Amino acid sequence: MTDSIHSERITFHDAIETMEVDFSSMTFADVAEVDAIYDEIDRRLTATGQRWFFLVLYTDCVIAPEAWDRFAERGKSANINHGRGSVRVDARAQTREAIRQSAGRESFRSNIYDTRDQALLALGEMRKRQREQASGADEVFLRVENVSLRFGGVKAITDISFEIKRGEISAIIGPNGAGKSSMLNVINGVYHPQEGTITFLGNVRQQMRPHEAATHGIARTFQNIALFKGMSVLDNIMTGRNLKMKSNMLQQAFWFGPAQREELEHRAKVEEIIDFLEIQHIRKTPVGRLPYGLQKRVDLARALAMEPELLLLDEPMAGMNVEEKQDMCRFILDVNDQFGTTVLLIEHDMGVVMDLSNFVVVLDYGKKIAEGTPDEVRADPNVISAYLGASH
């Protein structure tokens, strides 16, 4: 296929800052065919001298197994070098699954939609969030200042300070007993620090109760799963909507009028989350019967049902196998991208942390020893010594 024919499949929509690539009815049988079109894509993108959103059409596109790794590699490279966000449309079931698996392994956002209109709507939301983040770059989303927490004579956290930016994925790492979970518990009001303040969305406080944190838009999952084991997946997720229910007890007891309409609206929202996390097949299953990895996913679903501004994840991948970790990585990225949710997570898998996070805070024995981008933290000698291990 000639470069001119490849070029016809690439369209720039300046008004919406989007490059559209049409892979419809194409067959990529080998690496050479992948490189041919991506060489043209890279050439056109480089010539513009700017970054674009990507809209990629996959209708009846066939990617041979031997070409898939190269296809994923070139697509990821284009996104890193020239992209601001991608959406994909109408991929075949086999291609869709391959994209999702690759998204989990390589920690990028899959963002697959059934129609072009759905994809354009998602692109519009991405553009809106990026503009809001740019305009609010100087606004503090979450600031922890000089926080110290003690249990009797035991110092769990000592003089910790850091800031989290809106719309980013941040991580707290450190050895066992470093104070990571205690820090999350301070942020969402489970623990009350003796010293320091926390600023969230402009509100400065020293402490608050968990229900107040939830009301202000902070949701979390737990290291030890805290679900209602005898209730179905659907009912567990519905508990995340409690704060948004306004009907009084009498209306709910007789389930009429506003209470009936309200519950149906909340159930519709829950069904969207169930579809998003791909747990339709277990929606009526009691949670206690589910394997550990799926229970973790239900725990995430319940937190998302609150529609939080800040999502706290306490070791979301603990105890999972490789495939389950890949799925969870993809879901966290998609939550951040599609919902615009700011994420703060604790995770011991350093590969996951470095791939997912924009910003990392490192704790050791309750003290902060480093903070910065994943690359900065990875190279910090204090981190290497305390967390990754040092050669002697």
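Below you will find a few notes about this structure. Here the residue numbers are simple positions, counted from 1 along each chain's written sequence. In keeping with the model being predicted, local features are shown solely for residues with a pLDDT of at least 70 and side-chain atom pairs are shown and tallied solely at 80 or more, while totals for entire chains, interfaces and linings include all residues. Excluded from the side-chain calculations are hydrogens and water; all other atoms, namely the structure's heavy atoms, are used.

### A short note on the pairing of strand S10 (residues 169-173)
The element S10 is extensively covered by neighbouring structure, given that five of its five residues are classed as buried. A two-sided burial pattern is seen for S10, the buried positions comprising Ile169, Ala171 and Ile173 on one face and Ser170 and Ile172 on the other. Note: two strands are recorded as paired if DSSP finds a minimum of 2 bridges between them. A helix here means a DSSP run of H or I that spans at least four residues, while a strand means a run of E at least two residues long, and both kinds are numbered starting from the N terminus. Summarising the sheet, S10 and strand S15 (residues 342-346) pair through four bridges and their orientation is parallel. By the bridge assignment for S15, Ser170 is matched with Leu344. To sort residues, take the accessible area from a 1.4 Å probe on protein chains only and compare it with the maximum for the residue type: under 20% means buried, over 50% means exposed, and anything in between is partly exposed.

### Considerations on the packing of aromatic side chains
Side-chain rings of Phe, Tyr and Trp, where Trp is taken by its six-membered ring, are said to pair if the distance between their centres is within 6.5 Å; with planes under 30 degrees apart they count as stacked, over 60 as edge-to-face, and otherwise as tilted. In this structure the tally under the stated criterion is 13 aromatic pairs. Ring geometry for Phe23 and Tyr38: centres 6.1 Å apart, planes at 55 degrees, overall tilted. Of this pair, Phe23 sits in the loop between strand S2 (18-22) and strand S3 (27-28) while Tyr38 sits in helix H2 (residues 31-48), placing them 15 residues apart in sequence. Neither Phe23 nor Tyr38 differs from the other in exposure class; each is buried.

### Section: the sheet that holds strand S8 (residues 142-151)
On the basis of which strands lie adjacent, the open sheet formed by four strands has the order S9-S8-S11-S12 and antiparallel pairing. Each end of this open sheet is capped by a strand with a single partner; those strands are strand S9 (154-164) and strand S12 (203-205). Neighbour-to-neighbour, the strand axes of the sheet open up by a mean angle of 20 degrees, direction not taken into account. Packing against the sheet, helix H6 (residues 180-187) makes contact with S8, S9, strand S11 (195-200) and S12, and its axis sits at approximately 65 degrees to S9. Between N-to-C directions, angles span 0 to 180 degrees; the directions come from axes that are lines fitted to C-alpha atoms, helices contributing only their stretch in contact. Any two residues whose heavy atoms approach within 4.5 Å at even a single point are treated as in contact.

### Focus on H2
The first and last C-alpha atoms of H2 sit 26 Å apart over 18 residues, in line with the 26 Å expected at 1.5 Å per residue. What H2 keeps buried is the set Val34, Asp35, Ile37, Tyr38, Glu40, Ile41, Asp42, Arg44 and Leu45. In this structure Asp30 caps H2, since a side-chain oxygen of it lies 3.2 Å from the backbone nitrogen of Ala32. Each residue after the first adds 1.5 Å to the expected span of a helix. Pairs of N or O atoms within 3.5 Å make up the polar contacts considered here, provided that, within protein, one atom can donate a hydrogen while the other can accept it, and that residues adjacent in sequence are counted only when both atoms are side-chain atoms.

### Details of the side chain of Glu20
You can see Glu20 is positioned in strand S2. Here the side chain of Glu20 touches Arg116 through a polar contact of 2.7 Å, side chain to side chain. For Glu20, the residues in contact, after removing those within four places along its chain, are Arg9, Ile10, Thr11, His13, Leu55, Leu57 and Arg116.

### With respect to empty space enclosed by the protein
Here the term cavity refers to a set of points on a 1 Å grid, laid over the protein atoms alone, in which a 1.4 Å probe fits but cannot get out; the term pocket refers to an open set having protein on both sides within 12 Å along at least five of seven lines, with lining residues being those that place an atom within 4 Å of a point. Grid points are joined across faces, edges and corners, and a volume is the space filled by probe spheres set on the points. In total, this model carries one cavity of 30 Å³ or more according to the counting rule given. Approximately 40 Å³ is the volume attributed to the largest cavity. What lines the largest cavity is Thr221, Lys296, Asp299, Leu300, Leu313, Pro316 and Met328. It is helix H11 (residues 292-304) that provides the largest number of residues to the lining of the largest cavity, a total of three residues.

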